[in-house]
Amino acid sequence: MAPPSLKICCIGAGYVGGPTMAMIALKCPDVEVNVVDISKARIAAWNSDNLPIYEPGLSEVVEACRGRNLFFSTDVERLVADCDVVFVSVNTPTKTTGLGAGKAADLTYWESAARMIATVSKSDKIVVEKSTVPVKTAEAIEKVLSHNAKGIKFQILSNPEFLAEGTAIQDLAFPDRVLIGGRDTEGGQKAVNTLKSVYARWVPEDKIITTGLWSAELSKLAANAILAQRISSVNAISALCESTGADVSEVAFAIGKDTRIGPKFLQSSVGFGGSCFQKDILNLVYICECNGLSEVAHYWKQVVAINDYQKSRFAKRVISSMFNTVAGKKIAILGFAFKKDTGDTRETPAIDVCHGLLGDRAVLTIFDPQVPEEQIRRDLSMNKFEWDHPHQLHSHGGSVTSKIEYATDVYEACKGAHGICILTEWEMFRNLDYQRIYDNMQKPAFLFDGRNIVKVADMRKMGFIVYSIGKPLDPWVKDLQINI
Ligand SMILES: NC(=O)C1=CN([C@@H]2O[C@H](COP(=O)(O)OP(=O)(O)OC[C@H]3O[C@@H](n4cnc5c(N)ncnc54)[C@H](O)[C@@H]3O)[C@@H](O)[C@H]2O)C=CC1
Ligand SMILES: O=C(O)[C@H]1O[C@H](OP(=O)(O)OP(=O)(O)OC[C@H]2O[C@@H](n3ccc(=O)[nH]c3=O)[C@H](O)[C@@H]2O)[C@H](O)[C@@H](O)[C@@H]1O
């Protein structure tokens, strides 16, 4: 067999490293791709039939190339030493302590990966920032690498990832664009071209954008901030819809018809979740503050503030609608993942809503088709921002709250409940037998739709008291004096 034309090693076998490298291996059979991680459990799962992340189409891609030119391993140092290109796709969570706590990106994992690369390398390498990092990180990484370089040359590239979970395979196979930032030097441009030639195997040339390092780093933060801003904008409008009798779906449809605005990302919800939007905006806010741009920082902070408002507004609607207390009442939580088609629960709005309801002493029964019980209990017992640190992969759940139950059947979850909250837009929730659910609930039966997926009129006809984000209010809810 001919030797590989290029050896790639990716540090971090997570939601980005795993699928991204699997796609490169699929499209470039002559390239050897090793994905390495410190988590033995994660690597074992990548090497099994039960992959560590749920992503439609991923297992087919992995099966097509695992053992051929795609390998998963914990032999981090050897494989890094042996490759031409190192992608770094480790966690860059929000700092929990110290300077910039609650905002700044924690680059501990990135820095330790960079130090390890410098220590083990014996030949020149291209080091690719795949993780989302603060603008100017490449400069710091260059310093770490060059101070330990023993005459070895490293070229740093920024190649941020834009995939969304649940559609990762589609996004990787047909990306809107691939962005590569590099130094404007001969060595820098040579490295850019090497990486470009990898993507060019399947991405049309006009979709591969090359820029300077800082533009590439900042474009990633800006893209996430602007996407999240659209959701906060429509969610802010949803509150006004409820106060005025307008319908947020009609408003979103009408404004999305303007080609300058476009229809995507205008779906009002209980709030955005996921590992990145909040983290990346807080990071952007911190960078603005560090650069003395307090007005700009304040502007972006509001995107997160509206998101927090939306989540707490939802929980308050539930409590106030149910006679201002949910103490001892059974509430069925349908959906815990931060969006459909993923088992990921990082920063899911369900955590905040559940905490809001548990704070009023509700008894929750939680159902999600992809999220296991242990994960839900761990999420509900963790402190904010703790979830995105690698040690969480090894932990087995902290203190377990006794006020939650886990259901493996959606109808069981709803049986005897006083109220239902739909918190993830799983397709299956659109087509449930709601009559059966209604018949088996306590009366009056409440339905709170945080994703606008049920047909409100049909549900009201069945007898439910319905609250659906940004929709005209049920008379029951409207007549209540609430303070949201
Ligand atoms: N999740 C997503 O959809 C997207 C994430 N990103 C960014 O990509 C980066 C990674 O995110 P995810 O893949 O979601 O995180 P993840 O938590 O799923 O994966 C990160 C992996 O890195 C490993 N790791 C940490 N330090 C290590 C070290 N020193 N050596 C070897 N392995 C190490 C961890 O054990 C973990 O398995 C973050 O910066 C994130 O902002 C960017 C685009 C999309
Ligand atoms: O950097 C990242 O991690 C990624 O973050 C997002 O991807 P992701 O978080 O996986 O999923 P999204 O589809 O963006 O959804 C994020 C959250 O917003 C919510 N959302 C999305 C769209 C919408 O119209 N309304 C809405 O409430 C979703 O339910 C979810 O909770 C971006 O879409 C990706 O481009 C980016 O690469």
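Predicted model, so just to flag it, every value in this text is computed and none were measured.

About the cut-offs
Residues numbered from 1 in each chain as written. Chains lettered and ligands numbered in written order. Predicted model: local features only at pLDDT ≥ 70, side-chain atom pairs only at ≥ 80, totals over all residues. Heavy atoms only, no water. Near = heavy atom within 4 Å. Polar contact = N/O pair within 3.5 Å; in protein donor to acceptor, adjacent residues only side chain to side chain. Areas by Shrake-Rupley, 256 points an atom, 1.4 Å probe, with all protein chains shown as cover. Helix = DSSP H or I, 4+ residues; strand = E, 2+ residues; numbered from the N terminus. Nonpolar A, V, L, I, M, F, W, Y, C, P; charged D, E, K, R; others polar. Domains from an automatic or database assignment. Salt bridge = Lys/Arg side-chain N within 4 Å of Asp/Glu carboxyl O. Buried < 20%, exposed > 50% of the residue type's maximum accessible area, 1.4 Å probe, protein only. Contact = heavy atoms within 4.5 Å. Buried area = accessible area lost by both parts, 1.4 Å probe.

Notes on the site of ligand 1
Link 1 in the chain: Among the 26 residues in the neighbourhood of ligand 1, the closest are listed as Asp37, Arg42, Thr92, Glu165 and Lys279.
Link 2 in the chain: Thr132 has a polar backbone atom sitting 3.0 Å from an oxygen atom of ligand 1.
Link 3 in the chain: Within the side chain of Arg346, a nitrogen or oxygen atom sits 2.9 Å from an oxygen atom of ligand 1.
Link 4 in the chain: Here ligand 1 has 830 Å² of accessible area as a free molecule, and 95% of this is covered by the chains.

Considering the site of ligand 2
Link 1 in the chain: The immediate surroundings of ligand 2 are formed by 20 residues, with Phe162, Leu163, Ser269, Cys276 and Arg451 found nearest.
Link 2 in the chain: For ligand 2, an oxygen atom lies 2.7 Å from a polar atom in the backbone of Leu163.
Link 3 in the chain: A distance of 3.4 Å separates an oxygen atom of ligand 2 from a polar atom in the backbone of Leu266.
Link 4 in the chain: Computed on the free molecule, ligand 2 has an accessible area of 700 Å², of which 90% lies beneath the protein chains in the complex.
Link 5 in the chain: Top element by residues in the shell around ligand 2 is helix α9 (residues 213–244). It accounts for four residues.
Link 6 in the chain: For the shell around ligand 2, the per-class residue count stands at eleven nonpolar, four polar and five charged.
Link 7 in the chain: Summarising the domain contributions, the shell around ligand 2 has at least three residues from each of domain 1 (6–203) and domain 2 (224–480).

Description of the pattern of salt bridges
Link 1 in the chain: Going through the model one piece at a time under the given rule, you end up with 24 salt bridges.
Link 2 in the chain: Note that Arg201 is salt-bridged to Asp30, the shortest N-O span being 2.8 Å. With Arg201 in the loop between α8 (186–199) and β8 (208–212) and Asp30 in the loop between α1 (17–27) and β2 (31–36), this residue pair connects regions lying 171 residues apart in the sequence.
Link 3 in the chain: Between Glu161 and Lys130 there is a salt bridge, with the nearest N and O atoms lying 2.9 Å from each other. Taken together, the positions of Glu161 in the loop between β6 (154–158) and α7 (168–173) and Lys130 in the loop between β5 (125–129) and α6 (137–147) put the pair 31 residues apart, joining distant regions of the chain. You'll find Glu161 and Lys130 in the same group, each marked buried.
Link 4 in the chain: Among the charged side chains, a salt-bridge network with shared partners connects Lys103, Glu289 and Lys301.

Looking at the domain arrangement of the protein
Link 1 in the chain: Split by domain assignment, the protein resolves into domain 1 (6–203) and domain 2 (224–480).
Link 2 in the chain: For domain 1 and domain 2, the distance between their C-alpha centres works out to 32 Å.
Link 3 in the chain: The interface is formed by 26 residues belonging to domain 1 together with 27 residues belonging to domain 2.
Link 4 in the chain: A combined buried area of about 2,200 Å² lies between domain 1 and domain 2, and 57% of that area is made up of carbon and sulfur atoms.
Link 5 in the chain: Ranking the residues of domain 1 by area buried against domain 2 places Tyr54, Lys103 and Glu165 at the top, with a combined share of 29%.
Link 6 in the chain: Inspection of the domain 1/domain 2 interface yields two salt bridges.
Link 7 in the chain: Its salt-bridge partner being Glu289, residue Lys103 comes within 2.9 Å of it at the nearest N-O pair.
Link 8 in the chain: Our count for the contact surface shared by domain 1 and domain 2 stands at six residue pairs in polar contact (both at pLDDT 80 or more).

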